Amino acid sequence: MVRFGLIGYGLWGRHHAAAIKGAPGAELAAIACGDGASAAAAREAHPDVPLYTDYRQLLAQSDIDAVDVVVPNHLHCEIGTAALDAGKDVLLEKPMALTVAECDHLIAAARRNGRVLTIGHEFRLSSQWGALKTIIEAGDIGTPLYANVSLFRFPYRPGSGSWRYEPGKVGSWTLEEPVHFFDSLMWYFEAWGDPVSVLSIGSSKSRDAGMSDNFTSIVRWPGALYAVVTQTLAGFEHHHVMEIVGTEGSIRTWWSGTMDRTREPAFEIKVQRRGRKACETLKVAPSGELFELEEELRRAVTAFRERKPIVPGEEARKRIIVCLEAERSLMEGTELALAY
């Protein structure tokens, strides 16, 4: 068994706890909570699991093999590094960190301690979003030329102490959801290299910098390939669309739910493959955050056993760079070259 310590028991941390318990070969060995309310909820849901209110006490528990870190963004580097230095493998929720320097700090900690650090970009593990990678790699749409990612959703939940609405704690809203989209596109198109530039525009309801209710980026790759990533946090429900066009075909997929964490979403993938005049609708297993989280924890057990991360820190670091430069492009009103 891989014995997991869970650090963070907010709304998303509670789902992580359930996913750990449901993952073959995993055991929930301890929970560290950030406040009394979350500790009371953890104690009620998991009465037989050791509970701490200081994550350092959890890290001192010698029989814990791995730590699942599900805390506000500004604590990712501090707690992730401490877990690695305590000799634990680490599954760290996205975004990896708030700065490139913090990403480098985490990567260095994993290397010097010989531990596995994997970042929670769970879209890669989706029956729906992951299927696009298979289609593209098979050459079914030829060479990718264009992608469009669109999200129309309800405003972000505030989180404990309203951390998602504090710039110093969230970093920026680009690091909350667009980081998923940048990761997916860079993963799909990795055979064509890393993006070379980004141009952003946005607007907000008189919020602080980095908190755009409406946000759009154009990301360019070497050659003709480019992508549009756009979202609004001023909508309702949760509606996500992705369209990819290649020289020989195209893909269109969408996901809709009244909430982002639903087990009853509506979704579809349509593909027009190379040499076909009509599109086809693919059959895939249910898709959504909760399903992908469960798959992530199943694969994390294997990743830690085999000493190979699902999403290495070196890859996740590049996504942070794109997010930060996309945000800077918005503030400066200009297209920026990307350097990694």
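Here the structure is shown first, and the text comes after it.
This report concerns the structure included in the present document. Owing to the predicted nature of the structure, the values given are computational and were not obtained by experimental measurement.

Comments concerning the sheet that holds strand 4 (residues 66–69)
Taking strand neighbours across the sheet as the criterion, the 6 strands line up as 3-2-1-4-5-6 in an open arrangement whose pairing is parallel. On the outer flanks of this sheet lie strand 3 (51–52) and strand 6 (117–120), each paired with one strand and no other. In the sheet, strand 2 (residues 26–32) pairs with strand 3 via 2 bridges, with the strands oriented parallel. Counterpart to Ile-31 in the pairing with strand 3 is Leu-51.

Things to note about helix 6 (residues 129–137)
Burial within helix 6 is extensive, with 7 of its 9 residues counted as buried. When helix 6 is considered as a whole, its buried residues turn out to be Trp-129, Gly-130, Ala-131, Leu-132, Lys-133, Ile-135 and Ile-136. Contacts made by the buried residues of helix 6 are with strand 7 (144–153), helix 8 (178–188), strand 11 (238–246), strand 12 (250–257), strand 13 (266–272) and helix 9 (289–306).

Some thoughts on the layout of surface pockets
Taken as a whole, the largest pocket spans an internal volume of roughly 960 Å³. Looking at the largest pocket, it is lined by 43 residues, and the ones nearest its centre are Gly-10, Val-70, Val-71, Pro-72 and Trp-163. Secondary structure elements with two or more residues in the lining of the largest pocket: helix 1 (11–22), helix 2 (36–45) and helix 4 (76–85). The element best represented in the lining of the largest pocket is helix 1, accounting for 4 residues. In terms of residue class, the lining of the largest pocket is built from 15 nonpolar, 13 polar and 15 charged.

Describing the packing of aromatic side chains
Under the criterion given, the structure shown has 10 aromatic pairs. Between Tyr-146 and Tyr-226, the aromatic rings sit 5.5 Å apart at their centres with planes inclined by 65°, giving edge-to-face as the arrangement. Of the two residues, Tyr-146 is situated in strand 7 and Tyr-226 in strand 10 (residues 226–232); the sequence distance between them amounts to 80 residues. Among the residues examined, Tyr-146 registers a relative accessible area of 25% and is labelled partly exposed. With a relative accessible area of 33%, Tyr-226 lands in the partly exposed category. Judged by centre distance (5.8 Å) and plane angle (35°), the rings of Trp-187 and Tyr-188 are tilted. Residue Trp-187 is classed as buried on the basis of its relative accessible area, which comes to 14%. By the ring-pair criterion, three or more aromatic residues cluster together here, those being Trp-187, Tyr-188, Phe-189 and Trp-221.

Regarding empty space enclosed by the protein
What the rule picks out here adds up to 2 cavities of 30 Å³ or more. Considering only enclosed or pocket space, the largest cavity measures out at about 120 Å³ in volume. Lining the largest cavity, in full, are Phe-123, Trp-129, Leu-151, Glu-177, Phe-181, His-238, His-240, Trp-255, Asp-260, Gly-288, Glu-289 and Glu-292. At the level of secondary structure, the elements contributing two or more residues to the lining of the largest cavity comprise strand 11 and helix 9. Every residue along the wall of the second largest cavity is listed here: Trp-173, Thr-174, Pro-178, Gly-210, Ser-212, Phe-215, Gln-231 and Glu-327. Considering only residue class, the lining of the second largest cavity consists of 3 nonpolar, 4 polar and 1 charged.

Structural notes on the packing of helix 5 (residues 100–113) against helix 10 (residues 313–332)
Following both chains from N to C, one finds helix 5 and helix 10 inclined at 175°, their axes separated by 9 Å at the closest point. Here helix 10 runs roughly antiparallel to helix 5, going by the angle between their axes. Facing helix 5, whose interface residues are Val-100, Cys-103, Asp-104, Ile-107 and Arg-111, helix 10 presents Gly-313, Glu-314, Arg-317, Ile-320, Ile-321 and Leu-324. Considering only residue class, the contact of helix 5 with helix 10 consists of 6 nonpolar, 1 polar and 4 charged.

Some thoughts on the environment of Ala-66
Along the chain, the position of Ala-66 falls in strand 4. Assessed through its relative accessible area of 0%, Ala-66 is described here as buried. Ala-66 sits 31 residues away from Ala-97 along the chain, and the two C-alpha atoms are 19 Å apart. Once you skip the residues sitting within four places of it in the chain, Ala-66 turns out to touch Val-2, Arg-3, Phe-4, Gly-5, Lys-88, Asp-89 and Phe-304.

The rules behind the values
- Residues numbered from 1 in each chain as written.
- Predicted model: local features only at pLDDT ≥ 70, side-chain atom pairs only at ≥ 80, totals over all residues.
- Heavy atoms only, no water.
- Pairing = 2+ DSSP bridges.
- Helix = DSSP H or I, 4+ residues; strand = E, 2+ residues; numbered from the N terminus.
- Buried < 20%, exposed > 50% of the residue type's maximum accessible area, 1.4 Å probe, protein only.
- Contact = heavy atoms within 4.5 Å.
- 1 Å grid on protein atoms, 1.4 Å probe; cavity = no way out; pocket = protein on both sides within 12 Å on 5 of 7 lines; lining within 4 Å.
- Points joined across faces, edges and corners; volume = space filled by probe spheres on them.
- Nonpolar A, V, L, I, M, F, W, Y, C, P; charged D, E, K, R; others polar.
- Phe/Tyr/Trp six-rings, centres within 6.5 Å; stacked < 30°, edge-to-face > 60°.
- Axes fitted to C-alpha atoms, helices over the stretch in contact; angles between N-to-C directions.
- Parallel < 35°, antiparallel > 145°, perpendicular 65-115°, else oblique.

Note that all results are geometric; they support no functional claim without further evidence.
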